[in-house]
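Listed below are the residues making up each chain.
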Amino acid sequence: MPTSRLHWLDWQRGLAVLLMIEAHILSTWLTPEAAHGPFYTLLRVLGGMAAPGFLYMAGLSQVLSDRSMHARGVPPSTRRFEQAKRGLYVLGVAYTFRVAEYLLGLSFLLPGAWRGILRVDILNVIGVGLLLTAGLNIGRPPRVQLWSSVLGAALLVGVMPLLPSADVLWRLEGYLYSDPARGFSLANWGAFLLVGSAVGATLSESTRARHLLLLGGALLAIGFALGVLLPSQPPQEFWRTSPAWFLMRLGG
């Protein structure tokens, strides 16, 4: 039966799920002696590809969904509203998980533990990112979707090194800045979602998986070259602020 599904996107989703599982259980199933060496490092690197993959695919899927609704004659205002609802849903799921962790873990017995509910994680970034792109991209011409996404991603990646190092986790700024040891923030993780939107705006019936593989390989090579050429940074700062970090993960 003919189908319009993008099978390479299904494969990417499946691989991202497997990498996410690997990233979360790797250390649990290894002895301390085994958690060393090049193979362990490779597994850690591969596990680190899951979160960028989910963000990238969220932006890509949003644009593809908008294109499908446009083909069915759905007006732009309705499409924006539907995509904004999806972003709010994901954000609601993120906070529901946090509240469940807070209650089931008896964290309310610990002073100040309620701040953990406000911690920014990948679902928060996806939810807020989809809300922003619903207004930025949905219902716009593909050229506008492309350039607004590219410029938005460049802004998020470029502004990240300029943000101050402060513990603002419990305030709204947690979406803009997160301590590198704690993980996610809108800048620069949200840039993966915006690049997904840009790729979605450029897809056509002639696009094949190999085209994206070539693009990914090129970005990976550029990121690696930048990592060699740019001044060295402490490991935590490199993984948080470096454009080389972003390009290598995006290419991967």
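**A look at the overall build of the protein chain**
For step 1, the next point in the chain: Along the protein chain, the regular secondary structure elements total 10 helices and 0 strands.
For step 2, the next point in the chain: Ordered by position from N to C terminus, the α and β elements of the protein chain give α-α-α-α-α-α-α-α-α-α.
For step 3, the next point in the chain: Counting over 252 residues, the protein chain shows a buried share of 39%.
For step 4, the next point in the chain: Entry remark: accessible area of the protein chain is about 14600 Å², with carbon and sulfur atoms responsible for 71%.

**Remarks on the packing of aromatic side chains**
For step 1, the next point in the chain: Considering all chains together, one arrives at 6 aromatic pairs under this definition.
For step 2, the next point in the chain: Centre to centre, the rings of tyrosine 102 and phenylalanine 108 are 6.2 Å apart; their planes meet at 65°, and the pair counts as edge-to-face.
For step 3, the next point in the chain: We classify phenylalanine 108 as partly exposed; its relative accessible area is 41%.
For step 4, the next point in the chain: When the centroid spacing of 4.7 Å and the interplanar angle of 35° are considered together, the rings of phenylalanine 192 and phenylalanine 246 count as tilted. Of the two residues, phenylalanine 192 sits in helix 7 (residues 186–202) while phenylalanine 246 sits in helix 10 (residues 243–251), which places them 54 residues apart along the sequence.
For step 5, the next point in the chain: Among the aromatic residues, those joined into a ring-pair cluster are Phe184, Trp189, Phe192, Trp245 and Phe246.

**Some thoughts on the side chain of aspartate 66**
For step 1, the next point in the chain: You can see aspartate 66 is positioned in helix 3 (residues 50–71).
For step 2, the next point in the chain: The class of aspartate 66 is buried, set by a relative accessible area of 3%.

**Focus: the nonpolar core**
For step 1, the next point in the chain: Counting 42 residues, the largest nonpolar core has Leu60, Trp189 and Phe246 as its most contacted members.
For step 2, the next point in the chain: Here this core takes 9 residues from helix 7, the largest share from any one element.

Here is what the cut-offs are and how they apply
Residues numbered from 1 in each chain as written. Predicted model: local features only at pLDDT ≥ 70, side-chain atom pairs only at ≥ 80, totals over all residues. Heavy atoms only, no water. Helix = DSSP H or I, 4+ residues; strand = E, 2+ residues; numbered from the N terminus. Buried < 20%, exposed > 50% of the residue type's maximum accessible area, 1.4 Å probe, protein only. Areas by Shrake-Rupley, 256 points an atom, 1.4 Å probe, with all protein chains shown as cover. Phe/Tyr/Trp six-rings, centres within 6.5 Å; stacked < 30°, edge-to-face > 60°. Core = buried A, V, L, I, M, F, W, Y, C linked by side-chain atoms within 4.5 Å.

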